[in-house]
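Fold and contact review
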Amino acid sequence: MINTASQILSIPLPHREGQGGGSDLIIIGAGPGGYRAAEYAAKQGLKVVIFEGSEVGGTCLNVGCIPTKTYVHSASFDEARERMSQVVPQLRSGVEGILSHPNITLIREKASFGNQILAGGETYTAPYIIIATGSETKWLPIEGVRTDPRVVDSTGLLNLDTLPKRLCIIGAGVIGMEFASVFNRFGSEVTVIEYLKECLPALDSDIAKRLRKQMEKEGITFHMQCAVKQIADGEVFFETKKGQMERVEADIILMATGRKPRTEGLNLEALGITLTPQGAIPVDDNFQVVNGKLSNGNYYAIGDCNARQMLAHAAEMQAVRVVNHIVKGKSSNGKCPDGIRFDIMPAAIFTSPEAACVGPTEDQLKEQGIDYICKKSFWRANGKALAMGETEGMLKLFASPDGLILGCHAYGAHSADIIQEVSVLMCKHTTLSELADMVHIHPTLSEILKSAAEN
């Protein structure tokens, strides 16, 4: 028997006449996963209620991917702020247009779970619930990090009115590296402090090192294998790998040590849900919540809140999988009957030059004992790259001994576009010889990939 949201959902909302009951699906959160689930479900004929306590579009559109890319593609700090003020509202308006579908009701309030309904006289019910609450900054427990006004997260950095003369970034992951590249180009003196041996751990270490060295040539200072111990009065105190204490002075200090699932305030305890050690909502391969009192399987968690793959495009495809699971049901093997390949998930880092990857790194292939061959090619040997004046870059293409493409990691101009092509080829089980036989336009950067297959 299917439970209804009214039995478990506590939503403190104003009275909305006629909105109670009759819905097929409730979605909590209108970020990339939430609004995509709402759009796709509505097109399948489902009646959807979606709750959002902030701006629609989530972190990605409002204070993440999109604003950051306006900075990446702007010549100055002032131009970046102006472009962001234009692009973000335009895209947000587009999302609001998607959510104006007649099968979708957007409620601009937060929602949480509980044992009683607090809905201002109105009850919202649905047989299926999707949690899509995204993620938030993961603040390290460093002394002074929450008391020094110079310390900001990515949202705070994007909201700055003036360009900092000295910017210290704690963390050399995607967020840290992108902002380091951007603010260095704007004219800030940038220092990056990283605990790990190399930046961008999801990227092949050879590629990551080359990218970091190129950024060092452009004036960015890196302190690798260093642990931040304290922040006080604009000074960052850190311990080096040799055990020495050093410090960096900064006008602004960016906390870029990753993100964590946003689950606070949902009252998931009311459902008996126990979070993973990483603070994520545990799900199966159909993104159904797998513990607590949810044995009927009508509750799902998509996007960053399940921490499977914390990428906007991953959240969107998880949304499609969930709606397919609701509408189409399960096949005889228990899997949802769609062809989405979550094991092939491309990602990009929009530094200068940009980097991108899909599939395992070379280190991971070695650690897993997988036999492989590695093909390399370089931007400096490509005619289009020479014509563009973008000769810095390298690509590593991995394949099995019989030639099946296993993955690709690269840095250089338009790496993301090249890696997207590799992702498609991997989904179609393409071999190196088949890739080498595919005609590529000349002159294009995509010839770099073809060259690797031919080498």
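The structure under discussion appears in the preceding block.
As a starting point, this report considers the structure included with it.

Reading the values: the criteria
- Residues numbered from 1 in each chain as written.
- Predicted model: local features only at pLDDT ≥ 70, side-chain atom pairs only at ≥ 80, totals over all residues.
- Heavy atoms only, no water.
- Helix = DSSP H or I, 4+ residues; strand = E, 2+ residues; numbered from the N terminus.
- Buried < 20%, exposed > 50% of the residue type's maximum accessible area, 1.4 Å probe, protein only.
- Contact = heavy atoms within 4.5 Å.
- Areas by Shrake-Rupley, 256 points an atom, 1.4 Å probe, with all protein chains shown as cover.
- Expected span 1.5 Å × (residues − 1).
- Core = buried A, V, L, I, M, F, W, Y, C linked by side-chain atoms within 4.5 Å.
- Pairing = 2+ DSSP bridges.
- Disulfide = S-S within 2.5 Å.
- Axes fitted to C-alpha atoms, helices over the stretch in contact; angles between N-to-C directions.
- Left-handed = near helix turned anticlockwise from the far one by under 90°.
- Nonpolar A, V, L, I, M, F, W, Y, C, P; charged D, E, K, R; others polar.
- Phe/Tyr/Trp six-rings, centres within 6.5 Å; stacked < 30°, edge-to-face > 60°.
- Salt bridge = Lys/Arg side-chain N within 4 Å of Asp/Glu carboxyl O.
- Patch = residues over 30% accessible without salt bridge, like charges linked within 9 Å, V, L, I, M, F, W, Y side chains within 5 Å.
- Lys, Arg positive; Asp, Glu negative; His and termini not counted.
- Charge placed at Lys NZ, Arg CZ, Asp CG, Glu CD.
- Right-handed = clockwise from strand over helix to strand, strands pointing away.

To continue, consider the overall build of the protein. Each helix and strand counted, the protein has 14 helices and 22 strands in total. With 455 residues in all, the protein has 52% of them scored as buried. Summarising the internal contacts of the protein: among those between residues at least 6 apart in sequence, 66% fall at separations of at least 24. Of the roughly 20300 Å² of accessible surface on the protein, 49% is carried by carbon and sulfur atoms.

Here we come to helix α7 (residues 174-186). Side chains three or four residues apart in an α-helix point the same way, a direct result of the helix having 3.6 residues per turn. Between the first and last C-alpha of α7 there are 18 Å, a value that for 13 residues agrees with the 18 Å anticipated at 1.5 Å per step. Across the 13 residues that make up α7, a large majority, 10, are buried. Among the residues making up α7, those that are buried are G176, M177, E178, F179, A180, S181, V182, F183, N184 and F186.

Attention now goes to the nonpolar core. Counting residues in each nonpolar core, the largest one holds 93 residues, and the members touching the most others are I27, Y71, L99, I130, L157, I169 and F183. Within the second largest apolar cluster, 24 residues are counted, among which are L395, I419, V422 and I448.

This part takes up the sheet that holds strand β15 (residues 252-255). Sheet architecture is open: five strands sit in the order β8-β15-β9-β10-β11, paired in parallel fashion. Sheet topology places β8 (151-152) and β11 (221-223) at the edges, where each strand pairs with a single neighbour.

One can find S188 in the loop between α7 and β10 (189-193). Leaving out residues up to four positions away in the same chain, S188 has contacts with L163, P164, K165 and F183.

Before going further, it helps to examine the state of the cysteines. Enumeration over the complete set of coordinates arrives at zero disulfides. This cysteine, C408, is not joined by any disulfide, and C374 carries the nearest cysteine sulfur, 9.1 Å off. Here C427 stays free of any disulfide, with the sulfur of C408 as its closest cysteine sulfur at 14 Å. Residue classification places C427 among the partly exposed residues on the basis of a relative accessible area of 31%.

Here five strands make up an open sheet; going across it, the order is β18-β19-β22-β21-β20 and the pairing antiparallel. The open sheet terminates on both sides in strands that have one partner only, identified here as β18 (347-349) and β20 (373-378). Here the average twist between neighbouring strands, direction ignored, is 15°. Where β20 and strand β21 (residues 394-399) come together, six bridges link them in antiparallel fashion.

Look at helix α4 (residues 65-72) against helix α5 (residues 77-98): their axes get within 8 Å of each other, and the N-to-C directions meet at 145°. Like other packed secondary-structure pairs, α4 and α5 cross with a definite hand, here right-handed. Together, I66, P67, T70 and Y71 of α4 and F77, A80, R81, R83, M84, V87, V88 and L91 of α5 make up the contact between the two elements. Along the lines of polarity and charge, the residues of the contact of α4 with α5 split into nine nonpolar, one polar and two charged.

A separate point is the packing of aromatic side chains. Scanning the entire structure with this criterion turns up nine aromatic pairs. Seen from their ring centres, Y71 and F77 are 6.2 Å apart, and the 90° between their planes marks the pair as edge-to-face. Both residues of the pair, Y71 and F77, count as buried. Geometrically, the ring pair formed by F183 and F186 is edge-to-face, given 5.8 Å between the ring centres and 65° between the ring planes.

Looking now at the pattern of salt bridges. Tallied over the full model, the rule gives 23 salt bridges. The partner of E216 in a salt bridge is R212, and the shortest N-O contact between them spans 3.2 Å. Highlighted residues: E216 and R212, both in helix α8 (residues 205-217), separated by four residues, approximately one helical turn.

Taken together, the side chains of K197, K209, K241 and K242 define a basic patch exposed on the protein surface. Relative to the helices and strands, K241 is located in the loop between β13 (235-239) and β14 (245-249).

To continue, consider unusual backbone geometry. A cis amide bond, omega 0°, links S352 with the succeeding residue P353. Looking at the secondary structure, you find P353 in the loop between β18 and β19 (355-358). For the bond from H442 to P443, the omega torsion is -5°, close enough to zero to count as cis. In the Ramachandran plot, L200 falls in the positive-phi region, its phi being about 45° despite a non-glycine side chain. Its location among the elements puts L200 in the loop between β10 and α8.

This part covers helix α9 (residues 312-328). Taking 1.5 Å of rise per residue, the 17 residues of α9 would be expected to cover 24 Å, and the 24 Å separating its terminal C-alpha atoms lies within 8% of that figure. Against β2 (25-28), α2 (32-43), β6 (128-131) and β17 (299-301) lie the buried residues of α9. At the C-terminal side of α9, G329 shows a positive phi close to 80°.

Moving on to the environment of L196. Mapped onto the fold, L196 is located in the loop between β10 and α8. Exposure remark for L196: the relative accessible area of 40% places this residue in the partly exposed category. In the structure, L196 is positioned 128 residues away from T68 in sequence and 24 Å away in space, judged by C-alpha atoms. The contacts of L196, once residues within four sequence positions are left out, are P201, M224 and Q225.

Counting buried positions over the five residues of β10 gives four, a clear majority of the element. For the handedness criterion, the β-α-β arrangement of strand β9 (residues 166-170), α7 and β10 is classed as right-handed. Bridge count between β10 and β11: three bridges; the pairing is parallel. Bridge pairing in β11 places V192 opposite F222.

It is worth stressing that arrangement in space is one thing and function is another; only the former is reported here.
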